[in-house]
Amino acid sequence: MTAKITLLPGDGIGNEIIEGAVKVTKAVAEKFDMTLQFEERLIGGCSYDKYGKPLTEDTLQTCYDSDAVLLGAVGGYKWEALPHHLKPEAALLDLRKKLELFINIRPSKIFPAFVNDSSLKKEVLEGTDFIVLRELTGGIYFGEPRGYDKDKGWNTMSYTRPEVERIARKAFELAKNRSRKVTSVDKANVLEVSQFWREIVSEVHKDYPDIELSNMYVDNAAMQIVRNPRQFDVILTSNMFGDILSDIGGMITGSLGMLPSASLGEKYALYEPVHGSAPDIAGQNKANPIAAISSAAMMFDISFQMTKAAELIDAAIERTLKQGKRTVDIHSEGCELVSTQQMTDAILTNFEEIYNEQALGVFTL
Ligand code: NAD
């Protein structure tokens, strides 16, 4: 198999963490007999500095020509005063729009070695493994009319049938390879747009009779994620509700430096850590590369249908955490403080070892 991957490290810690993700990606490719072609381009503040715009046509075209895009992060103090359309963050919104990435996926999966570091009790958290599937290009964040004046502010939450159908279909498809349970989250007791959402999701569900569908109001869902996160498998929801629920889901299972994400459309896929460019620690070899490496694992799973490769990466991260290695953001007493490079190297070593162990049958995924 051959795959083209566009690398967009971006600003701040972007280079450091993407370097780690690339090393792991190359190690996977070697083991799984895969040929990878990498193209690296600028995005965000570094692109503005060189070309006067945060996203160039060349960068965009390179993304169009690839099978997957791996992005670091954009932004930093230096570009804060720029007009909105030239800010590094504008490049991200533009890229997502141009690649028509209408789905955002954020997993909430607890690494067992990390179970005592969460704000939730171990008994509540253990075994948690769900994803929040958020509609990314519609709903209240984009609805018209919008605005405010002296006396009033207003936004519009609307969804069209194709918008709901395509994301619902994706949720049922993803659930096929998981625990076959979709929870559609809405506010249908108050909002007509949610009643509409619920109806369309039920219609699409008829094509997936072997997947269990339930509906939940968003306020209850927020409570249930914290009360009993194990009950969820795939949470399907709209843009704003997903924005909030994916943060809750992410934070109960890890810290910012450990949370990966995938944004998908019909044709293109972009994988990136949830965190930003962390200018406060940029260039100091301190950043946690796990979110970027986990994003690469999602790429193997979703874009290349290489679930085993993704599981091996996750297992290597798990073993590294179990060995007590921690970057500064997740460090606690009794653990070994490691740099970005040391964390990456440890994950690579563990990946090699686990790969060999499972080939010999002494380790099972
Ligand atoms: P941030 O996520 O960059 O940092 C928040 C805090 O978390 C900082 O203390 C940082 O040091 C720490 N942190 C983040 N990632 C880490 C990692 N991998 N390892 C260790 N520590 C980590 O958020 P911010 O400070 O609000 O924003 C900084 C810049 O990033 C801004 O310009 C913002 O607009 C941008 N940003 C970009 C994205 C993106 O590219 N997707 C997302 C959020 C923020």
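Calculation notes
- Residues numbered from 1 in each chain as written.
- Predicted model: local features only at pLDDT ≥ 70, side-chain atom pairs only at ≥ 80, totals over all residues.
- Heavy atoms only, no water.
- Domains from an automatic or database assignment.
- Contact = heavy atoms within 4.5 Å.
- Buried area = accessible area lost by both parts, 1.4 Å probe.
- Salt bridge = Lys/Arg side-chain N within 4 Å of Asp/Glu carboxyl O.
- Polar contact = N/O pair within 3.5 Å; in protein donor to acceptor, adjacent residues only side chain to side chain.
- Pairing = 2+ DSSP bridges.
- Helix = DSSP H or I, 4+ residues; strand = E, 2+ residues; numbered from the N terminus.
- Axes fitted to C-alpha atoms, helices over the stretch in contact; angles between N-to-C directions.
- 1 Å grid on protein atoms, 1.4 Å probe; cavity = no way out; pocket = protein on both sides within 12 Å on 5 of 7 lines; lining within 4 Å.
- Points joined across faces, edges and corners; volume = space filled by probe spheres on them.
- Expected span 1.5 Å × (residues − 1).
- Buried < 20%, exposed > 50% of the residue type's maximum accessible area, 1.4 Å probe, protein only.
- Nonpolar A, V, L, I, M, F, W, Y, C, P; charged D, E, K, R; others polar.

Let's talk about the domain arrangement of the chain
Entries for the chain in the domain assignment read domain 1 (1-106 + 256-365) and domain 2 (119-252). Using only C-alpha atoms to locate each centre, domain 1 and domain 2 end up separated by 25 Å. Listed by partner, the interface residues are twelve residues for domain 1 and 16 residues for domain 2. For the pairing of domain 1 and domain 2, the buried interface totals around 1300 Å² over both sides, and the portion due to carbon and sulfur atoms is 64%. At the boundary of domain 1 and domain 2, one finds one salt bridge. Across the salt bridge formed by aspartate 247 and arginine 106, the nearest N and O atoms sit 2.9 Å from each other. In this assembly, domain 1 and domain 2 are joined by five residue pairs in polar contact (both at pLDDT 80 or more).

Section: the sheet that holds strand 3 (residues 68-73)
The ten strands are arranged 2-1-3-12-11-4-5-10-8-9 in an open sheet whose pairing can be described as mixed. Each edge of the open sheet is held by one strand with a lone partner, namely strand 2 (35-40) and strand 9 (212-217). Across the sheet, the axes of successive neighbouring strands diverge by a mean angle of 25°, strand direction being ignored. Those strands touched by helix 3 (residues 57-64) are strand 1 (2-10), strand 2 and strand 3, and its axis lies near 145° from that of strand 1.

Overview of empty space enclosed by the protein
Here the idea is plain: a probe the size of a water molecule rolls over the atoms and shows the empty space left. Evaluation of the coordinates by the stated rule reveals one cavity of 30 Å³ or more. For the largest cavity, the calculated volume is near 40 Å³. Taken together, Met157, Tyr159, Val185, Asp186, Val193, Ser194, Trp197, Ser238 and Phe241 make up the lining of the largest cavity. Elements that contribute at least two residues to the lining of the largest cavity include exactly strand 8 (181-186) and helix 7 (192-205). When residues of the lining of the largest cavity are assigned to their parent elements, the largest contribution, three residues, is made by helix 7.

Considerations on helix 12 (residues 340-360)
Taking 1.5 Å per residue, 21 residues should reach 30 Å; helix 12 reaches 30 Å between its end C-alpha atoms and fits that length. Along helix 12, the residues that are buried comprise Thr340, Met343, Thr344, Ala346, Ile347, Leu348, Asn350, Phe351, Ile354 and Gln358. The elements touched by buried residues of helix 12 are helix 1 (14-31), helix 10 (290-302), helix 11 (307-322) and strand 13 (325-326). Once helix 12 ends, the next one or two residues include glycine 361, with phi positive near 80°.

Comments concerning helix 4 (residues 88-98)
Buried within helix 4 we find Pro88, Ala90, Ala91, Leu92 and Leu95. Just downstream of helix 4, glutamate 100 is the residue with a positive phi angle, here 50°.

Here we look at the layout of surface pockets
By volume, the largest pocket is sized at about 1200 Å³. Taken together, 43 residues line the largest pocket, and the ones lying closest to its centre are Arg178, Met298, Asp301, Ala310 and Asp314. Broken down by secondary-structure element, the contributors of at least two residues to the lining of the largest pocket are strand 4 (103-109), strand 5 (129-135), helix 6 (161-176), strand 11 (260-264), helix 10 and helix 11. When residues in the lining of the largest pocket are grouped by element, the largest group, eight residues, is from helix 11. Looking at the lining of the largest pocket residue by residue, the classes come out as 21 nonpolar, eight polar and 14 charged. Of the residues that make up the lining of the largest pocket, three or more belong to each of domain 1 (1-106 + 256-365) and domain 2 (119-252). Estimated volume of the second largest pocket: approximately 730 Å³. Looking at the second largest pocket, it is lined by 27 residues, and the ones nearest its centre are Leu92, Leu93, Arg96, Arg134 and Glu272. Of all elements in the fold, only helix 4, strand 4, helix 9 (239-253) and strand 12 (269-273) reach the threshold of two or more residues within the lining of the second largest pocket. With seven residues, helix 4 is the largest single contributor of residues to the lining of the second largest pocket. A breakdown of the residues in the lining of the second largest pocket according to their chemical character gives eleven nonpolar, seven polar and nine charged.

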